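# Examining the three-dimensional arrangement
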Amino acid sequence: MAAMETMVEAGDVTSPATIRVWDPLVRLFHWSLVILFFFAFLTGDEWQDPHETAGYVIAALIAGRVVWGFVGSRMARFSSFVYGPSTVTAFVGDTLRMKARRYLGHNPAGGLMVIALLLAIAAISLTGVMMTSDAFWGVRWVKEAHETAAYATLGLVALHVGGVIFASIEHGENLVRAMVTGRKRAPGPDDII
């Protein structure tokens, strides 16, 4: 906690202190992935070269995020937000009762979503690369796996957005703004750091 910077918003003595949670690489990764995923999803078979280029950039982003998940800032590391199934299940139950504790970083459900999205988008990338190779050119199951992974990812994105909205309401905190600014409300005595 000592390494985390706190500040009071300038000009507003009543504003709670905020701390930096999401580093610039995490935020750049997140918003770049959002833009490129939707661009690739919408272009699909209609605009092949830009679609493939977006796919390769997405694959590079995923690879970079995986590395950053092991060597990055504290809140970017997988070790700070990957929890076991019982912790995730208990957290989801508490959330449904509107009694979930606030986590400074990703909560257990959010951590599971990060992993699910990384895996789903990696599957899209892998099958996309396979579709452009001589060995798998025109192979039907590869194309179907690519499309299935893309639609499954779209479903995960919808769940993710719903979870962000729900958690923002439950904890009185704008999580979208936090992913833009990198800052969240400083932890209270009942929050999990």
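Since the structure is predicted, the reported quantities are computational estimates derived from the model, not experimental observations. (Residues numbered from 1 in each chain as written. Predicted model: local features only at pLDDT ≥ 70, side-chain atom pairs only at ≥ 80, totals over all residues. Heavy atoms only, no water.)

## Details of the overall build of the chain
- In terms of helices and strands, the chain carries six helices and three strands.
- Start at the N end of the chain and walk to the C end: the helices and strands fall as β-β-α-α-α-α-α-α-β.
- The proportion of buried residues among the 193 residues of the chain is 38%.
- In the chain, the share of contacts with a sequence separation of at least 24, taken over all contacts with a separation of at least 6, comes to 65%.
- Carbon and sulfur atoms make up 68% of the accessible area of the chain, which totals about 11,300 Å².
- Taking the average place of the 15 positive charges on the side chains of the chain and the average place of its 16 negative ones, the gap between the two points comes to 10 Å. (Helix = DSSP H or I, 4+ residues; strand = E, 2+ residues; numbered from the N terminus. Buried < 20%, exposed > 50% of the residue type's maximum accessible area, 1.4 Å probe, protein only. Contact = heavy atoms within 4.5 Å. Areas by Shrake-Rupley, 256 points an atom, 1.4 Å probe, with all protein chains shown as cover. Lys, Arg positive; Asp, Glu negative; His and termini not counted. Charge placed at Lys NZ, Arg CZ, Asp CG, Glu CD.)

## Some details on the packing of aromatic side chains
- This structure, assessed with the given rule, holds nine aromatic pairs.
- With a centroid separation of 5.7 Å and an interplanar angle of 85°, the aromatic rings of F91 and Y103 are classed as edge-to-face. Here F91, found in helix 3 (residues 85-96), pairs with Y103, found in the loop between helix 3 and helix 4 (108-131); they are twelve residues apart in sequence, far enough to count as distant. Each member of the pair, F91 together with Y103, is buried.
- Following the ring pairs from residue to residue traces out a cluster consisting of F37, F38, F41 and Y151. (Phe/Tyr/Trp six-rings, centres within 6.5 Å; stacked < 30°, edge-to-face > 60°.)

## Looking at the confidence of the model for the chain
- Mean pLDDT for the chain: 91, with 92% of residues reaching 70 or above.
- Confidence over residues 1-11 falls short of pLDDT 50; this stretch has 22 contacts with residues more than four positions distant or in other chains. (pLDDT = per-residue confidence, 0-100.)

## Here we look at the pattern of salt bridges
- One pass over the full model with this rule turns up six salt bridges.
- In this structure, R102 engages E173 in a salt bridge whose closest nitrogen and oxygen atoms are separated by 2.7 Å. Placement of the pair is R102 in the loop between helix 3 and helix 4 and E173 in the loop between helix 5 (140-171) and helix 6 (175-181), with a sequence separation of 71 residues.
- Exposure remark for R102: the relative accessible area of 4% places this residue in the buried category. (Salt bridge = Lys/Arg side-chain N within 4 Å of Asp/Glu carboxyl O.)

## Concerning helix 5
- Given a rise of 1.5 Å per residue, 32 residues ought to cover 46 Å, and the 46 Å separating the end C-alpha atoms of helix 5 matches this to within 8%.
- All of the buried residues along helix 5 are V142, H146, A149, A150, T153, V157, V164, A167, S168, E170 and H171.
- Buried positions along helix 5 lie against helix 1 (24-43), helix 2 (48-71), helix 3, helix 4, helix 6 and strand 3 (183-185).
- Positive phi appears at G172, one or two residues downstream of helix 5, with a value of about 60°. (Expected span 1.5 Å × (residues − 1).)

## Details of the nonpolar core
- Core analysis: the largest hydrophobic core is formed by twelve residues, namely F29, L33, L36, A40, A54, I58, I62, F78, F81, V114, L118 and I121.
- Where this core is concerned, the elements lending two or more residues are helix 1, helix 2 and helix 4.
- Counting residues per element, this core draws most heavily on helix 1, at four residues.
- Setting aside anything within four residues of it in sequence, one finds A54 in contact with L36, F39 and A40. (Core = buried A, V, L, I, M, F, W, Y, C linked by side-chain atoms within 4.5 Å.)

## Some remarks on a nonpolar patch on the surface
- Together, M98, V161, I165, F166 and I169 give the surface a local cluster of nonpolar side chains, amounting to about 480 Å² of exposed area.
- Note on F166: relative accessible area 34%, which makes it partly exposed. (Patch = residues over 30% accessible without salt bridge, like charges linked within 9 Å, V, L, I, M, F, W, Y side chains within 5 Å.)

## Overview of the packing of helix 4 against helix 5
- Between helix 4 and helix 5, whose axes approach to 9 Å, the crossing angle comes to 155°. The angle between helix 4 and helix 5 places the two elements in the roughly antiparallel class. Taken as a pair, helix 4 and helix 5 cross one another with a handedness that is left-handed. When helix 4 is examined against helix 5, the residues M113, A116, L117, A120, I121, A123, I124, T127, G128, M130 and M131 are found in contact with a partner set consisting of W141, V142, K143, A145, H146, A149, A150, T153, L156, V157, L159 and H160. (Axes fitted to C-alpha atoms, helices over the stretch in contact; angles between N-to-C directions. Parallel < 35°, antiparallel > 145°, perpendicular 65-115°, else oblique. Left-handed = near helix turned anticlockwise from the far one by under 90°.)

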